[in-house]
Amino acid sequence: MNASSADALPSVQLPGAAAPRFDNRLLAELPGDAETGPRRREVRTALWSRVAPEPVPAPRLLAWSREVAETLGLDETAMRSDALCEVLAGNALLPGMDPFASNYGGHQFGHWAGQLGDGRAISLGEQLTADGQRREWQLKGAGPTPYARFADGRAVLRSSIREFLCSEAMHHLGVPTTRALSLVGTGEAVVRDVMYDGHPAPEPGAVVCRIAPSFLRFGHFELPAVRGETEVLRQLVDFTIARDFPEFHAAFGPHTPDAETRYADWFAEVCTRTARMVAEWMRVGFVHGVMNTDNMSILGLTIDYGPYGWVDDYDPDWTPNTTDAQGRRYRFGWQPAVARWNLMRLAQALSPLFGDAAPLQAGIDRFGVVYAEADRDITARKLGFAECRDADVALIRDLHALMHASEADMTLTFRALADVTPQAAQAGPPAELSSDAFARCPALRAAFYDTARRDAQAEGWQAWLQRYAMRLAEDALPPEARAARMAAANPLYVLRNYLAQQAIDLAGQGDLSELHALQELLRQPYTAQPGCERFAALRPDWARERVGCSMLSCSS
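This section reports on the structure supplied with the text. (Residues numbered from 1 in each chain as written. Predicted model: local features only at pLDDT ≥ 70, side-chain atom pairs only at ≥ 80, totals over all residues. Heavy atoms only, no water.)

## Quick word on the overall build of the protein chain
For the protein chain, the helix and strand inventory stands at 19 helices and 13 strands. By the compact-globule yardstick of 24 Å for 556 residues, the protein chain fits well, its C-alpha radius of gyration being 24 Å. Put simply, 74% of the contacts in the protein chain that link residues at least 6 apart link residues at least 24 apart. Carbon and sulfur atoms provide 53% of the accessible area of the protein chain, an area that totals close to 21000 Å². Charge centroids of the protein chain, computed over 55 positive and 70 negative side chains, lie 1 Å from each other. (Helix = DSSP H or I, 4+ residues; strand = E, 2+ residues; numbered from the N terminus. Rg over C-alpha atoms; globule rule 2.2 N^0.38 Å. Contact = heavy atoms within 4.5 Å. Areas by Shrake-Rupley, 256 points an atom, 1.4 Å probe, with all protein chains shown as cover. Lys, Arg positive; Asp, Glu negative; His and termini not counted. Charge placed at Lys NZ, Arg CZ, Asp CG, Glu CD.)

Now the structure itself:
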């Protein structure tokens, strides 16, 4: 390191806690950039560049995750110390930290975008925790890097709150994700044009400290492949398997003569993890919003929380991203197909390491098989069945169509279905039932945004609920087990965009109460919490079209 890198920052010690241990293996084992510092440049035959965070004037800890801190061996005294706040803002380093930005490319909205890299994310170092786990600390919004292109490398409080809350919300929902240790206000203003409409304005700045075993993305492998840097690509694959997929490293050993077998099995595992991750997105109604290949984790973790959203009224064609509003490439229902397309781009990047395409195609095929299996398992869990029969696939497909046609809320609908009992099937065929389609599921009546559309679909709902009740009557699960199974698969609380926006609006006025209330609520998304009924309600009408509550941009 030199004066243009980490030596420019002071080193601090934490009070009341053992100092975290960093080994920074990526820097030690992969080729790096000879130049240090944030000068914008094209970086060749290198996977990282040393660059220090740019200090901020008045850092203040706004929120932090106790669970994440515990995994890092950090107690409350350390978390609330001025020393760690300086580190989490980018003003100082802990001993052993060696900050860098990584170099990658990617396909954005289906088109190759060339070198992208960490434009406003700076990794501080790789910590080895007491239990032998590896956790990389990364600051988002810590200043410019060689990959910042024309941006300032900063982030605003608005987007940082969304990233902090969503990272932790997804974890507690059971979705594979990167984590968020902290949210720090910087005490400076950052100018952003929220909707790209020619109206830039200053906003409060912030930095999020993200934590993950690895931040490697599909785009890390694409860039050297496109540039013909095959040996760099091979080094990266070998490193990734050894560091991040130790089960494969142990099974084959680092010097197996059959490298293709190792690579093929590893790629199949990446496909498997990606399939399971996206299936979990679909289970909870999450829409990533910008599934570019540079936003796809090689570990199968949800990464880069930008213009994301949760489905309110069920619509498979909905996207929260204003940039995607025209083509809707990243719409909710298309996410599994996009994930497969992205994996095909990764396979293409890896192809120079293979003699033929068959092993890579096998990995792509594996994605389809694993996703289908996960989807069937999720169908059984969400509907409360012991298993998913072939007919159940049609049953949930017809439910989705009804939800879409009648503008039903996805989260509330699935929670309401727990009230349907097998005894309802004894009422006779649909034609003989009460004219009230929701008589045997009163909670469902309140799960619609448009009562006229609901009533227009009443006959369809009546018939579907009868089918569902009859299927329940045939199922092997006892009532208590069914209720528990459904409650564990169907969240009551999700981070709806309007809830996040309310917290953002108050935080901008200096009131962090809603931010902290949401953070605490979302730690138990499947359990009804007294006094929290407002968080489990329909999206209000005022939020239907409001910026930040319906559509969002990538601006941060």
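## Some remarks on the environment of Leu14
You can see Leu14 is positioned in the segment before strand S1 (21–22). With residues up to four places along the chain from it excluded, the contact list for Leu14 reads Pro20, Leu74, Ala78, Ser81, Ala83, Leu84 and Leu94.

## As for the layout of surface pockets
By volume, the second largest pocket amounts to about 490 Å³. Lining of the second largest pocket is provided by 23 residues; of these, Gln133, Arg134, Arg135, Pro213 and Leu299 occupy positions nearest its centre. Looking at the lining of the second largest pocket, the elements with two or more residues in it are helix H2 (66–71), strand S8 (134–140), strand S11 (201–212), helix H7 (230–244) and helix H8 (246–252). Top element by residues in the lining of the second largest pocket is H7. It accounts for three residues. The class makeup of the residues in the lining of the second largest pocket is nine nonpolar, six polar and eight charged. (1 Å grid on protein atoms, 1.4 Å probe; cavity = no way out; pocket = protein on both sides within 12 Å on 5 of 7 lines; lining within 4 Å. Points joined across faces, edges and corners; volume = space filled by probe spheres on them. Nonpolar A, V, L, I, M, F, W, Y, C, P; charged D, E, K, R; others polar.)

## Considering the packing of aromatic side chains
Taken as a whole and judged by the stated rule, the model has 20 aromatic pairs. Taking 5.5 Å as the distance between ring centres and 50° as the angle between the ring planes, the aromatic pair formed by Phe438 and Phe448 counts as tilted. With Phe438 in the loop between helix H13 (410–416) and helix H14 (442–445) and Phe448 in the loop between H14 and helix H15 (451–456), this residue pair connects regions lying 10 residues apart in the sequence. Taken individually, Phe438 and Phe448 each receive the classification buried, so the pair is uniform in this respect. A ring pair is formed by Trp464 and Tyr468, whose centres lie 5.1 Å apart and whose planes are at 20°; its orientation type is stacked. Taken as a pair, Trp464 and Tyr468 lie in helix H16 (residues 458–474) at a separation of four residues, close to a single helical turn. Accessibility classification places Trp464 together with Tyr468 in one group, the buried group. Through successive ring pairs, a cluster of aromatic residues spans Phe385, Phe438, Phe448, Trp461, Trp464 and Tyr468. A cation over a ring is seen here: Lys382 above Phe414, with NZ or CZ 4.2 Å from the ring centre. For Arg539, the ring lying beneath its charged end belongs to Tyr449, and the centroid distance is 4.4 Å. (Phe/Tyr/Trp six-rings, centres within 6.5 Å; stacked < 30°, edge-to-face > 60°. Buried < 20%, exposed > 50% of the residue type's maximum accessible area, 1.4 Å probe, protein only. Lys NZ or Arg CZ within 6 Å of the ring centre and 35° of its normal.)

## Some remarks on the state of the cysteines
Following the criterion strictly, the structure yields zero disulfides and no others. Free of any disulfide, Cys209 has its nearest cysteine sulfur in Cys85, 12 Å distant. For Cys209, a relative accessible area of 0% corresponds to the buried category. (Disulfide = S-S within 2.5 Å.)

## Some thoughts on the nonpolar core
In this structure, Trp266, Trp310, Leu350, Leu383, Leu417, Trp461 and Tyr468 are the most contacted members of the largest nonpolar core, which totals 129 residues. With 13 residues, the top contributor of residues to this core is helix H9 (residues 259–284). Not counting residues up to four positions away in its chain, the partners in contact with Leu383 are Leu395, Ile396, Leu399, Phe414, Leu417, Trp464, Tyr468, Leu472, Arg482 and Met486. (Core = buried A, V, L, I, M, F, W, Y, C linked by side-chain atoms within 4.5 Å.)

## Focus: the pattern of salt bridges
Applying the stated criterion across every chain yields a total of 46 salt bridges. The salt bridge involving Glu163 is made with Arg210; its shortest N-O contact spans 3.0 Å. Here the residue Glu163 occupies a position in helix H5 (residues 157–173), and Arg210 occupies one in strand S11, the gap between them amounting to 47 residues. Neither residue differs from the other here; Glu163 and Arg210 are each classed as buried. Salt-bridge contacts for Asp505 lead to Arg546; the nearest nitrogen and oxygen are separated by 2.8 Å. With Asp505 in helix H18 (residues 497–508) and Arg546 in the segment after helix H19 (513–521), the pair connects residues that are 41 residues apart, well separated along the chain. What makes Arg546 partly exposed here is its relative accessible area of 34%. Sharing partners across several salt bridges, the network here consists of Asp23, Glu126, Arg134, Arg243 and Asp244. (Salt bridge = Lys/Arg side-chain N within 4 Å of Asp/Glu carboxyl O.)

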